[in-house]
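# Structure assessment
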Amino acid sequence: MAESSIKTTRRLTETAVMIALATALSYVTIFKAPMGGSITLFSQVPIVIIGYRYGLKWGAVTGVIHGILQMLLQGLGNFAYVKGIVAYLILIFADYVLAFASLGIGGALFKKAIKNQTASLALGAFVASLLRFICHFVSGVTIWGEYADGWQSVWAYSFGYNGFYMLFECIITVVAVVGLSFVLDFNKENLSRKK
């Protein structure tokens, strides 16, 4: 087998394993908000790492695949609460496709600009979480606004609702990638760090 074929197979296998791991971790819920949205145990981390390891395009596609899986496995019930093709499209793209693509994009953003792996991953995880929050915020304002209490604006509702769980997702993800970066070298194929 040619070396490029082995590398492609390794990349595909690693990506599939990380998507599976992210999906499994998304079921490990630390806190679930009454109307949706949850804080999970490291579920963003595998997608951020794939983005860091293999770049922007590969990370984005990995995130999209993970987002579609999230929609199919955990989010189909949300379609019962919205009406109209525009609302369905916003739900699909803002809450799933773009939201999770941002995780792979964020992971890749700073790899070349910041040579320190820990700093690059930490900043990438923060930006990935911020981009995901923005996607959910847009969705909250456009299609979930009817759930805002009468005393608060749709903007405040979406910001508070999505900001709450995404803040904790961000913290958990940043802490995890920083911790992993001290023991693994994500720039190397075998991930080993020389001592």
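Residues numbered from 1 in each chain as written. Predicted model: local features only at pLDDT ≥ 70, side-chain atom pairs only at ≥ 80, totals over all residues. Heavy atoms only, no water.

## Things to note about the nonpolar core
- Counting residues in each nonpolar core, the largest one holds 28 residues, and the members touching the most others are Val-48, Val-82, Leu-91, Leu-103, Leu-121, Ile-143 and Val-177.
- Breaking this core down by element, the ones donating at least two residues are helix 1 (3–25), helix 2 (45–54), helix 4 (85–109), helix 5 (117–142) and helix 6 (154–183).
- Tallying contributions element by element places helix 2 first for this core, with seven residues.
- Leave out the neighbours within four places in its chain, and Leu-103 touches Gln-44, Ile-47, Val-48, Ala-128 and Arg-132.
- In this structure, Phe-133, Phe-137, Val-141 and Ile-172 belong to the second largest nonpolar core, which totals seven residues. (Core = buried A, V, L, I, M, F, W, Y, C linked by side-chain atoms within 4.5 Å. Buried < 20%, exposed > 50% of the residue type's maximum accessible area, 1.4 Å probe, protein only. Helix = DSSP H or I, 4+ residues; strand = E, 2+ residues; numbered from the N terminus. Contact = heavy atoms within 4.5 Å.)

## A word on unusual backbone geometry
- With phi around 65 degrees, Phe-42 is a residue other than glycine that occupies positive phi space.
- With respect to the helices and strands, Phe-42 occurs in the loop between strand 2 (38–40) and helix 2.
- Positive phi outside glycine occurs at Leu-191, with the angle close to 70 degrees.
- Following the sequence through the fold, Leu-191 ends up in the segment after helix 6.
- According to the relative accessible area criterion, Leu-191 is partly exposed, its value standing at 24%.

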